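# Structural characterization, general
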Amino acid sequence: MKKAELTGTQRTIKILQLLLILVPFTLPLWASSEYYVHSILGRIFIYTILVVSLDLVVGYIGDISIGHAGLFAVGAYTMGILNSTAAANAGSTMHIFLEWPFLPSLIVAVIVTGFFGFLLGFPSLRTSGPYLAVTTIAYGLIIYTFINEQEGLTNGTKGIQMAPLNFFGIGFNDNKFIWIVYPFLLLVMYFKSNLSKSFWGRAFEAIKFSNIAAESSGISKVRFKLTAFIMSACIAGLAGALFTHLDSYIAPNTFSMDFSVLALMALIFGGVRSTFGNIIGMALVVILPDLFTWFKDYRLMVFGILLLLTLFFLPNGLAGLFRKHFPKLFEKPKPIFTASDRSKIEFKMEECKDGHTPLDLDQVEMRFGGLVAVNKLSLKVLPGTIHGLMGPNGSGKSTTVNVITGLYNQTTGVVNAFGKSIGKLKPHERAQMGIARTFQNLQLFGDLTVLENVQVGLHKHYKSSFFAVLLGLPSVGREEKEKQIEAYRLLEFVGLETLANEQAKNLAYGQSRRLEIARAMALKPKLILLDEPAAGLTTLEINEFNQIILKIKSAGIAVLLIEHHMDMMMKISDEITVLDFGKKIAEGKPRDVQANPEVVKAYLGAEGAINA
Ligand SMILES: Nc1ncnc2c1ncn2[C@@H]1O[C@H](COP(=O)(O)OP(=O)(O)OP(=O)(O)O)[C@@H](O)[C@H]1O
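Just so it is clear, the model here is predicted, and its values are computed rather than measured.

Each helix and strand counted, the protein chain has 26 helices and 16 strands in total. Considering only C-alpha atoms, the protein chain reaches an extent of 90 × 60 × 45 Å along its principal axes. Here the protein chain holds 612 residues, and the buried ones make up 53% of them. A sequence separation of at least 24 residues applies to 74% of the contacts in the protein chain between residues at least 6 apart. As displayed, the protein chain offers around 26900 Å² of accessible surface, 61% of which is attributable to carbon and sulfur atoms. Charged side chains in the protein chain number 56 positive and 47 negative. The centres of these two groups are separated by 3 Å.

Here it is as structure tokens:
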């Protein structure tokens, strides 16, 4: 697969970007102002690392954290306790001075903060929105109070004085501090960029858009959310640890809630999920009070006003504004697939050949309080067949799908898939064993492209390790290209290949429905549950859908099809089960079911009849 050739302008932009990246390395050699280089630029770099860490949680996972000042403090104080010296803190109330060297202290500070991030991640599994935001505030306050009160460990309000930073006899407390901080900022940005372009980044975004759809694509919400929080905390801890040597002094008042709010404002002001936004947002937050000294006392108020204006007029922050006016600067290369690329990779389905029944429900009951939504339902779906599930509105069809996929746990009865009872498995585990689904109410990942949506479905087939992804190893790039082609082949399967690079939110309704099928097929399922895939489609589109579903069947996959369109059901189903008030009232071949008086009664009243 080849990438789009860079135009002359794009090449010039790349060279300028590279030069710009290199400039800060030269500053300690020629810049004379210690205030602007060491103090201001050093601060911007360190705080930007913190904003990058916040972006992982807010921009990618979609959770709000107002507790990151707490994580920053954990990094700073771990560094302070491990790295500071008794001599630098003569007369303080601190008891413990380990006097470790800089680098081991930094590594331990990162690890310790990662552990705190793990603890902060737990509430995010249960709550979201304002409740989670309040939880993170409480978390920040607990840490703030702890460092304030634990005088023996932290020297309380008087703070910790750091010994000068020296390597091989060279001091780094002047402009040379940039040589310590800047490489870490670049490293963190490199990691974040690699992660965001990979299946990990897509998994984060999938969780943000729809937990349910992400889990149904085999993505574990618990694993990915906790990883995002741990990683975010490690980066915040790194920023905190570096911060201790910026002014060679730390005290609790730096880590108050104001600081969390400022970091969040910088992130939103600059624009989430944008390296440029992270830098520019934090740079303005640091520089503005300095340019306008009168502004210092009012900074939270002014930033508050700026934030409101940003939310109203620039929902994607300054980065969004720049992206709109200078698209060439931000353009990502779009994958282009040549015929020869496509011919190299085939998308192979995994047939259900082990002799087990793909789906076997045994006396399954699902109650919601007093309401029996599914009543003692037994049903089998065989390999390479289409099993229709019909019933009037509210008869329990979607609930059945939700029970099979693990979104609901059945009250009684047994759900077997491929010869195993799966009642205790989580939704993503069921997806990983080959049960795919589509949704009655579309659950696409709107900001991702059509191709990326299908790549989310391919998630479980990625083999690269987390660290290989972070480091951007060549094998990761090769795997990504392979998967892009597999996703493209699936788009060909549903007739959406020409829209591969379009954002999913821009698709027409019928196209979105097809994309859901392509994403579900990307799991290489042995059983696929289609919940009203033809709802809202035209007759022509329904006929095209029939062909797609028949092709899925001919690949040996078991299909459970829920539909209200009788024509479609009668034409393509091998077997049909009819529900009414959660209870099975008929089962058999389409013609027999159609003529069944109970079915006729359930649908149209005793006098009616169902027209095929
Ligand atoms: N999470 C829930 N909590 C309480 N009741 C629920 C829940 N989910 C479904 N129900 C109820 O269970 C019954 C069956 O709903 P379900 O959505 O499964 O029906 P359906 O056959 O899929 O209907 P439709 O064709 O309109 O989609 C309905 O009475 C519904 O209100």
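Around the ligand sit 15 residues in total, of which Gly394, Lys397, Ser398, Thr399 and His564 are the nearest. Interatomic distance of 3.0 Å between a backbone N/O atom of glycine 396 and an oxygen atom of the ligand. One of the backbone N or O atoms of serine 398 is found 2.9 Å from an oxygen atom in the ligand. Relative to its free-state accessible area of 630 Å², the ligand is covered by the protein chains to the extent of 64%. When residues of the shell around the ligand are traced back to their parent elements, those giving at least two are β8 (371-381) and α17 (397-405). Here the element with the most residues in the shell around the ligand is α17; it accounts for three residues. Among the residues making up the shell around the ligand, the classes are represented as five nonpolar, eight polar and two charged.

Now for the pattern of salt bridges. Any two side chains of opposite charge can pair, so long as their charged atoms come close to each other. A complete count under the given rule lists 18 salt bridges for this structure. With a closest N to O distance of 3.3 Å, aspartate 247 and arginine 43 form a salt bridge. A residue pair is termed long-range when its members are at least 10 positions apart, and aspartate 247 in the loop between α10 (221-243) and β5 (249-250) and arginine 43 in helix α2 (residues 34-61) qualify at 204 residues. A relative accessible area of 39% means that aspartate 247 is categorised as partly exposed. We classify arginine 43 as buried; its relative accessible area is 18%. Residue arginine 367 is joined to glutamate 365 by a salt bridge in which the shortest nitrogen-to-oxygen separation is 2.8 Å. Because the salt bridges share partners, they merge into one network encompassing Glu205, Arg273, Asp447 and Lys505.

Before going further, it helps to examine the pairing of strand β7 (residues 359-368). Sheet faces and side chains relate simply in a regular strand, where the side chains alternate between the two faces. Relative to β8, β7 runs antiparallel, the two being bridged by seven bridges. Paired with methionine 366 across the strands is valine 374, a residue of β8. What sits between β7 and β8 in their antiparallel hairpin is a turn of two residues, with glycine 369 showing a positive phi close to 60°. Across four bridges, the pairing between β7 and strand β10 (residues 412-417) is antiparallel. Residue aspartate 362 lies in a different strand from β10, and its bridge partner there is valine 414.

Here we come to a nonpolar patch on the surface. A surface patch of nonpolar side chains, about 1200 Å² in accessible area, is lined by Leu291, Phe292, Trp294, Tyr298, Met301, Ile305, Leu308, Leu309, Phe312 and Phe313. Along the chain, phenylalanine 292 falls in the loop between α12 (275-291) and α13 (299-313).

Cut-offs applied
- Residues numbered from 1 in each chain as written.
- Predicted model: local features only at pLDDT ≥ 70, side-chain atom pairs only at ≥ 80, totals over all residues.
- Heavy atoms only, no water.
- Helix = DSSP H or I, 4+ residues; strand = E, 2+ residues; numbered from the N terminus.
- Buried < 20%, exposed > 50% of the residue type's maximum accessible area, 1.4 Å probe, protein only.
- Contact = heavy atoms within 4.5 Å.
- Areas by Shrake-Rupley, 256 points an atom, 1.4 Å probe, with all protein chains shown as cover.
- Lys, Arg positive; Asp, Glu negative; His and termini not counted.
- Charge placed at Lys NZ, Arg CZ, Asp CG, Glu CD.
- Near = heavy atom within 4 Å.
- Polar contact = N/O pair within 3.5 Å; in protein donor to acceptor, adjacent residues only side chain to side chain.
- Nonpolar A, V, L, I, M, F, W, Y, C, P; charged D, E, K, R; others polar.
- Salt bridge = Lys/Arg side-chain N within 4 Å of Asp/Glu carboxyl O.
- Pairing = 2+ DSSP bridges.
- Patch = residues over 30% accessible without salt bridge, like charges linked within 9 Å, V, L, I, M, F, W, Y side chains within 5 Å.

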